[in-house]
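Descriptive structure summary
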Amino acid sequence: MSLTVKEMMEAANAAVERIDMARATEVLGQGGLLLDVRDGAELQKTGRAAGAHHISRGMLEFHADDALQSHDPELRKDRPIVLYCAAGGRAALAGKLLKDMGYAQVYNLGGFKDWVEGGGDVAGS
């Protein structure tokens, strides 16, 4: 079966709850992980949300699988994860991937601009 990007985005958006900054702050305050899935060049240009952990979307599977040596210990299946990218699309796809891998509490904040416009602090640039 072949899927279009539109169909993949619809499935991701249906699977991963989109949250606002207030809800993100609540989840993070309860020990959640803020995860930036943008590429490194994007972070160098704009900085990242203060306190955000970074794993590019292209490497997420390899860092999320706890059976692999490349597993990132910040990613735990019992820890809520709030994702963001540049505009929200990669965060949705990344969220669906994590849910498919057994991560239960995964949320899409949207884009970096949503963090900034919501009053979030920025680190580096």
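Note: the structure precedes this text.
Let us look at the structure shown here. (Residues numbered from 1 in each chain as written. Predicted model: local features only at pLDDT ≥ 70, side-chain atom pairs only at ≥ 80, totals over all residues. Heavy atoms only, no water.)

Digging into the nonpolar core
Counted only if it meets this: Take the buried residues of types Ala, Val, Leu, Ile, Met, Phe, Trp, Tyr and Cys, join any two whose side-chain atoms come within 4.5 Å, and each joined set is a nonpolar core. Categorising residues by exposure relies on relative accessible area from a 1.4 Å probe, with only protein chains included: less than 20% of the type maximum marks a residue as buried, more than 50% marks it as exposed, and the intermediate range marks it as partly exposed. By definition, any uninterrupted DSSP run of H or I lasting at least four residues is a helix, any uninterrupted run of E lasting at least two residues is a strand, and each is numbered from the N terminus. Working rule for contacts: check all heavy atoms of both residues, and any pair within 4.5 Å makes them a contact.
Membership of the largest hydrophobic core comes to 17 residues, with the highest contact counts inside it found for L35, L60, L75, I81, L83, L98 and Y103. The dominant element in this core, judged by the number of residues it contributes, is helix α5 (residues 89-100), at four residues. With residues up to four places along the chain from it excluded, the contact list for L75 reads L33, L35, I55, L60, H63, A64, I81 and Y103. Counting 13 residues, the second largest nonpolar core, distinct from the first, contains I19, A49, V82 and Y84.

Here's the deal with the environment of G58
Residue placement: G58 occurs in the loop between β4 (53-54) and α4 (60-64). For G58, a relative accessible area of 52% translates into the label exposed. Note: C-alpha distance between G58 and A94 (36 residues apart in sequence) is 9.1 Å.

Things to note about the sheet that holds strand β5 (residues 81-85)
Going by this rule: Here, strands pair whenever DSSP counts at least two bridges between them. A fitted line through C-alpha atoms represents every axis, and for helices the fit uses only the stretch in contact; the resulting angles, taken between N-to-C directions, go from 0 to 180 degrees.
The strand order β1-β6-β5-β2-β4 describes an open sheet built from five strands, whose pairing is parallel. Either end of the sheet is taken by a strand with one partner, and the two such strands are β1 (17-18) and β4. With four bridges joining them, strand β2 (residues 33-36) and β5 adopt parallel strand pairing. Within β5, the position partnered with L35 by the bridge is L83. In the packing of helix α2 (residues 21-29) onto the sheet, the strands contacted are β2, β5 and β6 (106-111), and the crossing angle to β6 comes to about 135°.

The values reported here are purely geometric and, on their own, carry no functional implication.
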